Amino acid sequence: MKKTMLFILLVFGFAFAMAACGAEKPSSEGDSSSAPDSTSDGEKLVVQVGTSPTYPPFESEKQGELVGFDIALIEKIAEVEDFEVEFSTMQFDGLVPALKSGQLDVVVGALSITDKRMESVDFSNAYYESGLSILTKPDSGITSFDDLQGKLIGVQKGTSSYNYMVANGIKDQDIKQYADISTAYNTMENGGVDAILYDNPSNINYLNEQETDAAIVGDILAGEFYGIAVNKDKKELLEKINDGLAKLQEDGTYEQLFDEYLRGEKNGLIEGVVKPEEVVITAE
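Only a predicted model underlies this, so the values are computations on that prediction, with no experimental measurement involved.

## Here's the deal with the sheet that holds strand β7 (residues 122-123)
For step 1, the next point in the chain: Sheet architecture is open: five strands sit in the order β5-β1-β6-β13-β7, paired in mixed fashion. In this open sheet, the two edge strands, each paired with only one partner strand, are β5 (83-89) and β7.
For step 2, the next point in the chain: When strand β6 (residues 106-107) meets strand β13 (residues 229-230), the two strands line up antiparallel, connected through two bridges. What sits directly across from Val-107, in β13, is Ala-229.

Structure, rendered in structure tokens:
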């Protein structure tokens, strides 16, 4: 009798243990399947885009809204590549450091493709061919780059204009750097600097938008190409941006942006694929 009872108890205990083990397994599987997947279907990629809205017609702010060629370009790329953008604004010289640190995924800011910048970030294929021009008042006595010697020249801080002047013999003491180009233009109008050396599209935009007797003089200098800067850890995003740019070039949307934002001025239009390594310039 005791043996029979012991046998029954052992069988009952074994069945209870197996039931307990069976109950644990679904719980474990449920834990893993319930963990949310950040890349699950239905969730769009959200890209953090930085810009400095002080450079019309490429980026500026009107009535609290970001507008311009660069803003429209990245939004159109996002549309055809099915991702979303969230914009952050900051001073121009803080954009690349913020991108490098991971605070941003992308920067649009009429960024010239330079070897120094390529050490820190990746660039998309080129989307605009630019250059520098001299903007000055009629009584400045300046008609060419050579005339800048001994004059006080205004530039935006952190831009390639400064590098170009230093590399071509302009003394640092004769260069006045400003946080934004609007301040530099205003200073020239008030006689604080003799001339501005800056990107030609911006100088053209200034002449079109302002009542001024200033003029562009001399040759276009230092041909440069703009690219969209991307965090080096975002290779797939870089590929998406290049694919999107190519689609916009093919369907005519890209050229339409020149009509809408650059008043049809298409000297900077890029035909086909121009890789950043093919047009990179040296920045001192």
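## Examining the environment of Thr-183
For step 1, the next point in the chain: Turning to its location among the elements, Thr-183 is positioned in helix α6 (residues 181-189).
For step 2, the next point in the chain: According to the relative accessible area criterion, Thr-183 is partly exposed, its value standing at 34%.

## Digging into the sheet that holds strand β9 (residues 153-156)
For step 1, the next point in the chain: Reading across the sheet, the five strands line up as β10-β9-β11-β8-β12 and stay open at both edges, with mixed pairing between neighbours. Two strands close off the open sheet at either side, each with one partner strand: β10 (175-178) and β12 (215-226). Strand-to-strand, the axes of this sheet are offset by a mean angle of 25°, without reference to chain direction.
For step 2, the next point in the chain: In terms of strand pairing, strand β8 (residues 128-136) meets strand β11 (residues 195-199) through five bridges, oriented antiparallel. When the sheet's bridge partners are listed, Thr-136 is paired in β11 with Ala-195.

Parameters and conventions
Counting of residues starts from 1 at the beginning of each chain's written sequence and follows it residue by residue. The predicted origin of the model limits local features to residues at a pLDDT of at least 70 and limits the giving and counting of side-chain atom pairs to 80 or more, whereas totals for whole chains, interfaces and linings rest on all residues. With hydrogens and water set aside, each side-chain value is computed from the structure's full complement of heavy atoms. DSSP calls a pair of strands paired once it identifies at least 2 bridges connecting them. The way it works is that DSSP assigns letters per residue, a run of H or I at least four long becomes a helix, a run of E at least two long becomes a strand, and they are numbered from the N terminus. Think of it in three bands: with a 1.4 Å probe and only protein chains considered, a residue is buried below 20% of the maximum accessible area for its type, exposed above 50%, and partly exposed in between. Lines fitted to the C-alpha atoms define the axes, with helices restricted to the stretch that makes contact. Angles between their N-to-C directions range from 0 to 180 degrees.

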